[in-house]
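Close look at the chain arrangement
So the chains spell out like this:
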Amino acid sequence: MDRIAVFFAEGYEEIEALTVVDVCRRCGLEIDMVSITEEKQVRGAHGIFVEMDRTYAQADFEQYDMLVLPGGGDGTKNLEACGPLMEQVDAFAAAGKYVAAICAAPSILGHRGILKGKRACCYPGFESHLTGAQIVKEPAAVDGNVITSRGMGTAIDFALEIAAAFCGREKAEELAQAIVYR
């Protein structure tokens, strides 16, 4: 079974992170909510605490097929400051495994050179951080093993693209109808 890790850092954007978890679980995918620290509860950008499935030390990267980086100003900075996570992001991208980021977090992929020659999008104003990317203004952009999205308002689009990567476009469209999305 495909397994996805969504990483939570202090200041993460709640809707961006939890929409991916919710939509993918509805599609039957295994999702781990992973704190980048040893704290099992992580506070989001709007003061909402969420209990994680595991801490970073408990994460088994051999089991993951995708790493997801939610946005949020402070959340993105805190994710990028986590050296061990950045090493994993680099390794996944180099191996052709999926990496996904939304809002400000695609800037992390840009800083690491992962977006060179790829179509990508991000929160307005962060485009200069998408080094080497072909910037698009779509709700979500998929290019090979990289999925990016623009922000809270595109979180469902982002989550559905992630679901489609593992469950197929048809199942993702069925879910979109079931949740009354568009």
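Computed from a predicted structure; not experimentally measured. (Residues numbered from 1 in each chain as written. Predicted model: local features only at pLDDT ≥ 70, side-chain atom pairs only at ≥ 80, totals over all residues. Heavy atoms only, no water.)

With that settled, consider the pairing of strand β11 (residues 146-149). Burial along β11 is two-sided: the face carrying Val146 and Thr148 and the face carrying Ile147 and Ser149 are both buried. Bridge count between strand β7 (residues 98-102) and β11: 4 bridges; the pairing is parallel. Each residue of the ladder has a partner; that of valine 99, found in β11, is valine 146. Relative to β11, strand β10 (residues 140-143) runs antiparallel, the two sharing 4 bridges. Directly across from alanine 141, in β11, lies its bridge partner threonine 148. Where β10 folds back onto β11 in an antiparallel hairpin, the turn is made up of 2 residues, including glycine 144, whose phi is positive at roughly 65 degrees. (Buried < 20%, exposed > 50% of the residue type's maximum accessible area, 1.4 Å probe, protein only. Helix = DSSP H or I, 4+ residues; strand = E, 2+ residues; numbered from the N terminus. Pairing = 2+ DSSP bridges.)

Turning our eyes to something else, we now look at the packing of aromatic side chains. In this structure the tally under the stated criterion is 7 aromatic pairs. Taking the centre distance of 5.4 Å and the plane angle of 50 degrees together, the rings of tyrosine 56 and phenylalanine 61 count as tilted. Overall, the relative accessible area of 13% leaves phenylalanine 61 in the buried class. Arranged with centres 5.8 Å apart and planes meeting at 85 degrees, the rings of phenylalanine 61 and tyrosine 64 form a pair that is edge-to-face. One Lys or Arg, lysine 97, reaches over the ring of phenylalanine 92 and ends 4.2 Å from the middle of that ring. (Phe/Tyr/Trp six-rings, centres within 6.5 Å; stacked < 30°, edge-to-face > 60°. Lys NZ or Arg CZ within 6 Å of the ring centre and 35° of its normal.)

Turning our eyes to something else, we now look at the pairing of strand β2 (residues 30-35). Burial analysis of β2 places 5 of its 6 residues in the buried class, the great majority of the element. With 6 bridges joining them, strand β1 (residues 3-8) and β2 adopt parallel strand pairing. Bridge pairing in β2 places phenylalanine 8 opposite serine 35. Where the polypeptide runs from β1 across helix α1 (residues 14-26) and back to β2, its parallel neighbour, the crossover connection is right-handed. Pairing analysis gives 2 bridges linking β2 to strand β5 (residues 54-55), with the strands arranged parallel. Across the sheet, valine 34 pairs through a bridge with arginine 54, a residue of β5. (Right-handed = clockwise from strand over helix to strand, strands pointing away.)

Across the sheet, 7 strands lie side by side as β5-β2-β1-β6-β7-β11-β10; this open sheet has mixed pairing. Single-partner strands in this sheet number two, and they are β5 and β10. Bridging between strand β6 (residues 66-69) and β7 involves 4 bridges; their strand directions are parallel. By the bridge assignment for β7, leucine 69 is matched with alanine 101. The sheet strands contacting α1 are β1, β2, β6 and β7, and the helix crosses β1 at an angle near 160 degrees. Seen against the sheet, helix α5 (residues 155-167) touches β1, β6, β7, β10 and β11 and runs at an angle of roughly 170 degrees to β7. (Contact = heavy atoms within 4.5 Å. Axes fitted to C-alpha atoms, helices over the stretch in contact; angles between N-to-C directions.)

Glancing now at unusual backbone geometry. Phi at valine 180 takes a positive value of approximately 60 degrees, unusual for a residue other than glycine. Examined against the element boundaries, valine 180 turns out to sit in the segment after α6 (169-178). Look at arginine 182: it is not a glycine, yet its phi comes out positive at around 55 degrees. Relative to the helices and strands, arginine 182 resides in the segment after α6. Assessed through its relative accessible area of 74%, arginine 182 is described here as exposed.

Bringing the packing of α5 against α6 into the picture now. Two quantities define a packed helix pair, namely the angle between the helix axes and the distance between the axes. Where α5 contacts α6, the two axes come as close as 7 Å, and the packing angle between them is 140 degrees. With respect to their mutual orientation, α5 and α6 come out oblique. Crossing geometry of α5 relative to α6 is assigned as right-handed. Across from Leu160, Glu161, Ala164 and Cys167 in α5, the residues of α6 making contact are Arg169, Lys171, Ala172, Leu175 and Ala176. Broken down by class, the residue content of the contact of α5 with α6 amounts to 6 nonpolar, no polar and 3 charged. (Parallel < 35°, antiparallel > 145°, perpendicular 65-115°, else oblique. Left-handed = near helix turned anticlockwise from the far one by under 90°. Nonpolar A, V, L, I, M, F, W, Y, C, P; charged D, E, K, R; others polar.)

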